[in-house]
Amino acid sequence: IGKCRYLLDLINEYLNLARLEGGEFIPEFQSGVDFIGDITNTSLELVSTQIETKKIKLEKNWPNETIELECAPDLLQIVMTNLISNAVKYGKDEGTIRLTVENKDEHLKVSVWNEGPGFPDEQRSRLFRKFSRIQKKELLQQKGTGVGLYTTWKIIQSHGGRIQARSEEGSWAEFSFEIPLQQDE
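Once a new chain begins, its residue numbering starts again from 1 and follows that chain's sequence as written. The predicted origin of the model limits local features to residues at a pLDDT of at least 70 and limits the giving and counting of side-chain atom pairs to 80 or more, whereas totals for whole chains, interfaces and linings rest on all residues. With hydrogens and water set aside, each side-chain value is computed from the structure's full complement of heavy atoms.

Draft legend 1. Looking closely at the overall build of the chain. Put simply, DSSP H or I for four residues or longer makes a helix, DSSP E for two residues or longer makes a strand, and each gets a number counted from the N terminus. Looking only at helices and strands, the chain features 5 helices and 7 strands. The 185 residues of the chain split such that 45% are buried. Only the protein chains shown count as cover for residues, with accessible areas throughout obtained via the Shrake-Rupley method and a probe of 1.4 Å. Total accessible area on the chain stands at roughly 10100 Å², and carbon and sulfur atoms take up 46% of it. Each residue gets one of three labels from its accessible area relative to the maximum for its type: buried under 20%, exposed over 50%, partly exposed in between, using a 1.4 Å probe on protein chains only.

Draft legend 2. Structural view of the pattern of salt bridges. We define a salt bridge as a side-chain nitrogen of Lys or Arg found within 4 Å of a carboxyl oxygen belonging to Asp or Glu. Using the criterion set out here, one finds 7 salt bridges in the structure. The residue Lys-92 makes a salt bridge to Glu-115 at a minimum N-O spacing of 3.8 Å. Within this pair, whereas Lys-92 is found in the loop between α3 (73–90) and β4 (96–104), its partner Glu-115 is found in strand β5 (residues 107–115), the two being separated by 23 residues in sequence. For Lys-92, a relative accessible area of 45% translates into the label partly exposed. By relative accessible area, which is 22% here, Glu-115 ends up partly exposed. Within this structure, Lys-57, Glu-59 and Arg-98 form a network of salt bridges that share partners.

Draft legend 3. Representation of unusual backbone geometry. Phi at Glu-94 takes a positive value of approximately 60°, unusual for a residue other than glycine. One can find Glu-94 in the loop between α3 and β4. The class of Glu-94 is exposed, set by a relative accessible area of 59%.

Draft legend 4. Here's a closer look at the nonpolar core. What makes a nonpolar core is a set of buried Ala, Val, Leu, Ile, Met, Phe, Trp, Tyr and Cys residues whose side-chain atoms join them at distances within 4.5 Å. Of all hydrophobic cores here, the largest spans 40 residues; its most connected members are Phe-35, Leu-76, Leu-108, Phe-175 and Phe-177. Broken down by element, this core gets its largest block of residues, 9 residues, from α3. Here, two residues are considered to be in contact whenever any of their heavy atoms come within 4.5 Å of each other. Apart from residues no more than four positions distant in its own chain, Phe-177 is found in contact with Phe-35, Val-79, Met-80, Leu-83, Leu-108, Lys-109, Val-110, Ile-156, Arg-162 and Ile-163.

Printed below as a string of structure tokens:
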């Protein structure tokens, strides 16, 4: 099952990349999307087996009230699944993943933090480049294409947002993004 899942993920990454590069990834924005209920929880379900297998503790930090926004839910689903699955993949066994979602100043702010090897600060610029991977032994041991974060970056841009990453090498990594709750006409 592991090899099949990897191949399916690989195919989906390349299909998404082809759509992005071909201009076919035009966001279809919808109003009133429940970010936690419709997107985040679905992404967590998709990676729940990997979380359980690695015995990772998941901390969810978000408000009880619904955070509604105008977005392309299928695209934000790709973003959240990429970020959470990367946190699991590169996180340490029996470590912690902290998922934070907040509504601040008419923006959705999301961060995915994990315990793990992190990445060297001097290689941060490689993170969101197509086909680029951090050149660090612990990270290169994991299968990857260097497409997921590039796709994530493009989707966040299409929503008028920004994404960033920070890390303490040998300890943790955090990826966070911010997008407006309402898209400009």
